[in-house]
Amino acid sequence: MRATITGPDNEDGHLIVSELHDWLVGDAELRRSARIHRVTRESAGTMGALDVIEVVLGQGIAAANLALAYASWRSTRPAPPRVRVTLPGGTLTLTDDSPEALERILAALREPPPGASAGTTGARDADTARAEAGGDGAA
């Protein structure tokens, strides 16, 4: 599974993505179970490029490690910034480091990608993910 993490769409977004990337790469447990890359993408909504973090998770424990590393990073921020996590099943906008936000991350990471197996009940779209995360995807 691939997760893409973006920061706010402003001047601080690059710094936030850089700091979060460094934190995730520094987490030995996560680094053993996932591939973590910082990439630059063109963005139609901004004046140029957008820095993102791509995390490729190979197993269930990697999802838990990502959620824990993220929560740990958020707890070190004096005013946690809004971060967007895009998964195959939708997008979550995270605004705090509460236990509920951590559980929403874990639930989204456990959700199989749309069409992953014949046993799935159908594709989960971004609207469904937002509704499950509290209406607008905010955590």
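The shown structure was predicted, so the numbers you read here are calculated from the model rather than taken from an experiment.

Visitor: Provide a residue-level description of the packing of helix 3 (residues 60-75) against helix 4 (residues 99-110), including the pertinent values.
Guide: Following both chains from N to C, one finds helix 3 and helix 4 inclined at 155°, their axes separated by 9 Å at the closest point. Relative to helix 4, the element helix 3 lies roughly antiparallel. Judged by the sense of rotation from one axis to the other, the crossing of helix 3 with helix 4 is right-handed. For the pair helix 3 and helix 4, contact is made by Ala63, Ala64, Leu66, Ala67, Leu68, Tyr70 and Ala71 and by Leu102, Ile105, Leu106 and Leu109, respectively. Residue composition of the contact of helix 3 with helix 4, grouped by class: eleven nonpolar, no polar and no charged.

Visitor: Could you give an account of helix 3, with specific residues and numbers?
Guide: Its 16 residues give helix 3 an end-to-end C-alpha distance of 23 Å, which sits within 8% of 22 Å, the value for a rise of 1.5 Å per residue. Within helix 3 the residues assigned to the buried category are Ala62, Ala63, Asn65, Leu66, Ala67, Ala69, Tyr70, Ala71, Trp73 and Arg74.

Visitor: Give me the lowdown on the confidence of the model for the chain, citing residues and values where you can.
Guide: In the predicted model, the chain carries a mean pLDDT of 75, and the fraction of residues at 70 or more is 73%. Scored below 50 in pLDDT, residues 118-139 shows 39 contacts in the model against residues more than four places distant or in partner chains.

Visitor: Please provide a residue-by-residue account of the environment of Thr76, values included.
Guide: Topologically, Thr76 is positioned in the loop between helix 3 and strand 4 (83-87). Distance from Thr76 to Asp97, taken between C-alpha atoms, is 9.8 Å for residues 21 residues apart in sequence. Here the side chain of Thr76 touches Trp73 through a polar contact of 2.6 Å, landing on its backbone oxygen.

Visitor: Residue-level account of the side chain of Ser33, with values.
Guide: Summarising the element assignment, Ser33 is placed in helix 2 (residues 28-33). Exposure remark for Ser33: the relative accessible area of 11% places this residue in the buried category.

Visitor: A description of the pairing of strand 5 (residues 90-94) should follow, citing residues and the corresponding values.
Guide: Looking along a regular strand, one sees the side chains alternate between the two faces of the sheet. Here strand 5 lies mainly inside the structure; five of its five residues are buried. In strand 5, alternate side chains face the same way, and those of Gly90, Leu92 and Leu94 on one face and Thr91 and Thr93 on the other are all buried. Relative to strand 5, strand 4 runs antiparallel, the two sharing five bridges. Bridge assignment links Val83 to a residue of strand 5, and that residue is Leu94. The antiparallel hairpin formed by strand 4 and strand 5 contains two residues in its connecting segment.

What counts and how
Residues numbered from 1 in each chain as written. Predicted model: local features only at pLDDT ≥ 70, side-chain atom pairs only at ≥ 80, totals over all residues. Heavy atoms only, no water. Axes fitted to C-alpha atoms, helices over the stretch in contact; angles between N-to-C directions. Helix = DSSP H or I, 4+ residues; strand = E, 2+ residues; numbered from the N terminus. Parallel < 35°, antiparallel > 145°, perpendicular 65-115°, else oblique. Left-handed = near helix turned anticlockwise from the far one by under 90°. Contact = heavy atoms within 4.5 Å. Nonpolar A, V, L, I, M, F, W, Y, C, P; charged D, E, K, R; others polar. Expected span 1.5 Å × (residues − 1). Buried < 20%, exposed > 50% of the residue type's maximum accessible area, 1.4 Å probe, protein only. pLDDT = per-residue confidence, 0-100. Polar contact = N/O pair within 3.5 Å; in protein donor to acceptor, adjacent residues only side chain to side chain. Pairing = 2+ DSSP bridges.

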